[in-house]
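# A closer look at the structure
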Amino acid sequence: MAALLAPLFRLLLVAGLLGAAGTRAAYDPSTAYYASLPSVAGGDTLKTALHNLIDGHTPVSSYTPGVWNALRILDEDPANSANVLLLYGGDSRAKSLQDNGTDTENYWNREHVWPVSRGMNSNTDSVGGRDLHHLFAADKSVNGRRGNLPFTDIASGGTADPEAPLSLYTSSAYEPRDADKGRVARALFYMAVRYDGSDGVSDLELVSSTSVSGAQMGNLSALLAWHRAFPPDEAERKRNHLVDTLYQGNRNPFVDNPLFADRVFNNDSPFAAWRRPHFTAAELANTAVAGDAADPDRDGLPNLLEFAFNLRPRASDAATAFASPALALLPPAVAGGAPRLGLTHRRHRYASDLVVRYESSVDLVTWAAITPAATSVVYVDALTDRVTVETPLTGARRFIRVRVDRTAP
Ligand SMILES: [Ca+2]
Ligand SMILES: [Ca+2]
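About the thresholds
Residues numbered from 1 in each chain as written. Chains lettered and ligands numbered in written order. Predicted model: local features only at pLDDT ≥ 70, side-chain atom pairs only at ≥ 80, totals over all residues. Helix = DSSP H or I, 4+ residues; strand = E, 2+ residues; numbered from the N terminus. Buried ≥ 20, exposed ≤ 12 C-beta atoms within 10 Å, placed from the backbone. Contact = placed C-beta atoms within 7 Å. Arc of directions from axis to C-beta. Core = buried A, V, L, I, M, F, W, Y, C linked by C-beta atoms within 7 Å. Domains from an automatic or database assignment. Pairing = 2+ DSSP bridges.

## A look at unusual backbone geometry
Trans is the prevailing form of peptide bonds, just as negative phi is the prevailing case for residues other than glycine. A cis amide bond links Thr64 to the next residue, Pro65, at an omega of 5°. On the secondary structure map, Pro65 appears in helix α3 (residues 63-74). A positive phi angle, close to 75°, is found at Tyr88, a residue other than glycine. Using a count of 26 C-beta atoms within 10 Å as the deciding quantity, one classes Tyr88 as buried. A positive phi angle, near 50°, is found at Arg298, a position not held by glycine. Position of Arg298 among the secondary structure elements: in the loop between α12 (287-290) and α13 (303-308). Given 8 C-beta atoms within a 10 Å radius, Arg298 is considered exposed.

As structure tokens, then:
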């Protein structure tokens, strides 16, 4: 793959979008958590590596009362600590209306997004039956109507759930409301990776169909589309972190890094996974639109750089050019030393198939690599870092550029 070059002016164009540095969110994974994973490989190689990372978790102590108590915390309504928010309907329901075995319609109970009848011998006390990453508070009768139905888009003939009217069902499938589509998909991705036949749970598998049997769930292709359309929000990321830190000691990787889904289930490279939400299938086949060097939004940033810097390939990122310095003159590190140049850019935290390098030239013809004297990384948001590299300023006046290459197709 030919090197992709971004001359200095492009660097300056993205500078305005650096934004204020945020504080690393308390519910981000540690930088070490995913460090052992393959940087490029996807498919079963990555699936196995993720499995090895998240298995062996500590199950919550019991289904009763352990899961009840956990859901009272995990699904608590941020606006009312006496209530939980319910999956599929979004209602805020009093924690005190926890199902006590009576038939009262308005009680809430424990919804298994991956049904225990599909690979867990209908055992809610199994390790999978108690796994909080796929358990959510739900209205008791809504939960009953969902039953063990697979999920998919219901194009026609669906019935709106009377108590969760934005969710639809038929005799063979369930379609959650948009607000829950993404987290339902990611809960299922987690289960398919976490359970491989060990820990008393069958090898859970997702298939691109609603005709499921045994330990299967679906519909994978719809779930992937939902995942791309509805990425994790702050509430979902916080919940993932709480399951990790308060209970299980493991995370849902698909919440932390959305690129994992298409990498595992479509064997995509990170760059290929990043492109999918931005381009139609026809566009993905057209390198003039979706290729590394293409610039469909004509903002001067080829797609590979849009990914490397976590920008938008279908919307101009040049509008706020020069609002913030990408280059800064820094004082000498020691008295009497050479002044330093600080070069700052955004970086997608999970662009693990890209290599970002820095080069300088006096004539724009011959370029020499710059080895930064120091690099600092500042948190911007869930997927973006702000990187500043420092280099001594000595010798002749030079041009500096950022260079982004792919390590694999
Ligand atoms: Ca562009
Ligand atoms: Ca753009």
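Right, picking up where we left off after that structure.
## Looking at the environment of Val84
Position of Val84 among the secondary structure elements: in strand β3 (residues 80-85). Measuring from C-alpha to C-alpha, the distance between Val84 and Leu132 comes to 15 Å, with 48 residues separating the pair along the chain. Among all residues touching Val84, those that are not within four sequence positions of it are Leu71, Arg72, Asp75, Glu76, Asp77, Arg93, Lys95, Trp108 and Ala137.

## Thoughts on helix α6 (residues 220-229)
Inspection of α6 places Leu220, Ala222, Leu223, Trp226 and His227 among the buried residues, and these make up the whole buried set. Relative to the axis of α6, the buried residues are bounded by an arc of 160° and lie together on one face. Of the surrounding elements, those touching the buried residues of α6 are α5 (178-194), β10 (205-207), β11 (216-218) and α9 (259-265).

## A word on the nonpolar core
Ranked by size, the top nonpolar core spans 71 residues in total, and within it Ala137 and Leu188 carry the most contacts. For this core, the leading source of residues is α5, giving nine residues. Residues lining this core come from more than one domain, with at least three contributed by each of domain 1 (1-32 + 291-409) and domain 2 (43-265). Aside from chain neighbours lying at most four places away, what touches Leu188 is Val113, Trp114, Leu206, Met217 and Leu223.

## Let's talk about the sheet that holds β3
A sheet is described by the order of its strands in space; here three strands give the open sequence β2-β3-β4, paired in antiparallel fashion. At either end of the open sheet lies a strand with only one pairing partner, and these are β2 (76-77) and β4 (92-94). Across two bridges, β2 lies against β3 in antiparallel orientation. Across the sheet, residue Asp77 finds its bridge partner in β3, namely Asn80.

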